[in-house]
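Coordinate inspection notes
Below are the chains, spelled out letter by letter.
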Amino acid sequence: MPESLKYWRWRIFASTWFCYVGFYFCRKPFSIVKSALGKDLQFDADTLGQIGACYLVAYAIGQFVAAGMGSRLGPRVNLLLGMAVAIATGVGFGLANEKATFMALMAISGIAQATGWSGTVGTMANWFHRKERGQVMGYWATNFTMGSLVAGPFAAWVLGNYGYRAAFFSGSAVLGIILVFFYFNQRDRPEDLGLPAVVEPGTEAEPEETGPIRFSRAAWANILGVGLFYFFAKFIRYALWGWAPYFLTENFHETSEAAGYWSTAFDVAGIPGVFLCGWLSDKVFKSRRVTVSLISTLGLVLATALLCTVGLQSRDAFVACLLAVGLTLYGPDALMTGAGAMDIGSRRGAIVAAGIISGLGSLGPIVQELLIGKMYSAKSGDLGPIFAMLLGAAIAAALSLLFMLARSRAGKSDL
């Protein structure tokens, strides 16, 4: 491999990693400031849930839009546009006072941020081949855990010192800095720089295809199967991202700032989970993604069962359960939607496959946001039914992977 190609692969890794981390600085503030904002503007849990759902609906729709735009405009243009609009909406949040304004800005932000996953995954597919994707993506896919882990405490610190409006403004400022870094360090593919295409050792580069991207029937079944798994995995992830700080404030009587810090336990535990699943996928399971993901998801079932029982008892018990859920959820989440989407879509179709999978998965957060807000208000803050719902989602995620494993054993999938 030419030294110039190795050098650019590091730049691509860093620019796409920071890009996706950066989106979280405009995504996390709302969940961190949710309690403080609700008190200041007199929004109850149901109203806050409706505002959050506007973002999630737009984000889900935006995944399909971004998949189409990304295949036409290329990841670079798509991501630069997405970051610019996200920055503008972050400023808007800091100025807003009305429910309708928040809802409109949330919808625009959701469309903009939807460019993130498919665009960055599509870029990585052009720079790393299949045999190394599990381990490489195991490192790279820490971006969404690190994004939440860093952006959450940052927003909590700004909230505690300068108020919730400053949390929105500062998030936009950070993403603005990352946009500049991305502009100078990202290119869509090696060929754009006159470098050779990245292929697996012992193989030759395939001739470049043109025209619409089409998937086989087997590929579509794999996309839908992974999408179903992602629906339930993302249901759980966004439920804890969006509501853990609120629960810590309202049920365990922490300050909004302290709740923002404690809730990061979920993301801290996710980092080793992502590393481990990626490494096992390539080194032990020979690039088979489903088996290691299923093992971790069975652990997730146990972790959410503990959340339903032990997690109700105290703040410390709740935080311990957040650690267990993060450790078992993030690995299969990243592996199946990162390296798995790249394997299904190959170089050319990775953006589209990742976009469709992420779009299907993003329907889960919409459902949880609306349900949890209504359940919390209707049950006067009782967390038992909410945690039981998360357990059901974990079981459904495991069943989805069992379906994918059966397809793999039958020779209908190479995931």
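Below is a short write-up of the structure. (Residues numbered from 1 in each chain as written. Predicted model: local features only at pLDDT ≥ 70, side-chain atom pairs only at ≥ 80, totals over all residues. Heavy atoms only, no water.)

Moving on, we get to the packing of aromatic side chains. The tally for this structure, following the rule as stated, stands at 28 aromatic pairs. Aromatic side chains Phe-93 and Phe-168 sit 5.4 Å apart centroid to centroid with 45° between the ring planes, which places their arrangement in the tilted category. Of the two residues, Phe-93 sits in helix α4 (residues 75–95) while Phe-168 sits in helix α9 (residues 164–185), which places them 75 residues apart along the sequence. The burial state of Phe-93 is the same as that of Phe-168; both residues are buried. The structure contains a cluster of three or more aromatic residues connected by ring pairs, namely Tyr-20, Phe-23, Tyr-24, Trp-117, Trp-140, Phe-144, Tyr-238, Trp-241, Phe-266 and Tyr-330. Across the ring face of Trp-243, the terminal group of Lys-34 is positioned such that the distance to the ring centre comes to 3.8 Å. (Phe/Tyr/Trp six-rings, centres within 6.5 Å; stacked < 30°, edge-to-face > 60°. Helix = DSSP H or I, 4+ residues; strand = E, 2+ residues; numbered from the N terminus. Buried < 20%, exposed > 50% of the residue type's maximum accessible area, 1.4 Å probe, protein only. Lys NZ or Arg CZ within 6 Å of the ring centre and 35° of its normal.)

This paragraph deals with the environment of Pro-272. Following the sequence through the fold, Pro-272 ends up in helix α12 (residues 265–283). Expressed as a C-alpha distance, the spacing of Pro-272 and Gly-331, which sit 59 residues apart in the sequence, is 8.2 Å.

Turning to unusual backbone geometry, a few remarks are in order. The phi angle at His-253 is positive, at roughly 60°, despite the residue not being glycine. With respect to the helices and strands, the residue His-253 is situated in the loop between α10 (217–250) and α11 (256–262). Judged by relative accessible area, which is 67%, His-253 ranks as exposed. With a phi angle near 55°, Ser-380 is a residue other than glycine that sits in the positive phi range. Turning to its location among the elements, Ser-380 is positioned in the loop between α16 (363–378) and α17 (384–409). Overall, Ser-380 belongs to the exposed group, its relative accessible area being 71%.

Applying the stated criterion across every chain yields a total of three cavities of 30 Å³ or more. Lining the largest cavity are 20 residues, with Arg-27, Phe-30, Ser-31, Tyr-55 and Tyr-238 sitting closest to its centre. Mapped onto the lining of the largest cavity, the elements with two or more residues apiece are α1 (3–27), α2 (29–41), α3 (45–73), α5 (99–113), α10 and α16. Broken down by element, the residue count for the lining of the largest cavity peaks at four residues, all from α2. Its residues assigned to classes, the lining of the largest cavity shows 11 nonpolar, five polar and four charged. The wall of the second largest cavity is formed by Tyr-20, Tyr-24, Tyr-59, Trp-117, Phe-144, Tyr-230, Lys-234, Arg-237, Tyr-238, Asp-333 and Ser-358. When residues of the lining of the second largest cavity are traced back to their parent elements, those giving at least two are α1 and α10. The biggest single contributor to the lining of the second largest cavity is α10, with four residues. Taken together, the residues of the lining of the second largest cavity sort by class into seven nonpolar, one polar and three charged. (1 Å grid on protein atoms, 1.4 Å probe; cavity = no way out; pocket = protein on both sides within 12 Å on 5 of 7 lines; lining within 4 Å. Points joined across faces, edges and corners; volume = space filled by probe spheres on them. Nonpolar A, V, L, I, M, F, W, Y, C, P; charged D, E, K, R; others polar.)

Within the structure shown, the criterion is met by eight salt bridges. Of the charged contacts in the structure, one is a salt bridge between Glu-250 and Lys-39, with a shortest N-O distance of 3.1 Å. Of this pair, Glu-250 sits in helix α10 while Lys-39 sits in helix α2, and the two are 211 residues apart along the sequence. Among the ionic pairs, Asp-192 bridges to Arg-189, the shortest N-O distance being 3.1 Å. Using a relative accessible area of 25% as the deciding quantity, one classes Arg-189 as partly exposed. Taken together, the salt bridges that share partners define one network made up of Glu-254, Arg-315 and Asp-316. (Salt bridge = Lys/Arg side-chain N within 4 Å of Asp/Glu carboxyl O.)

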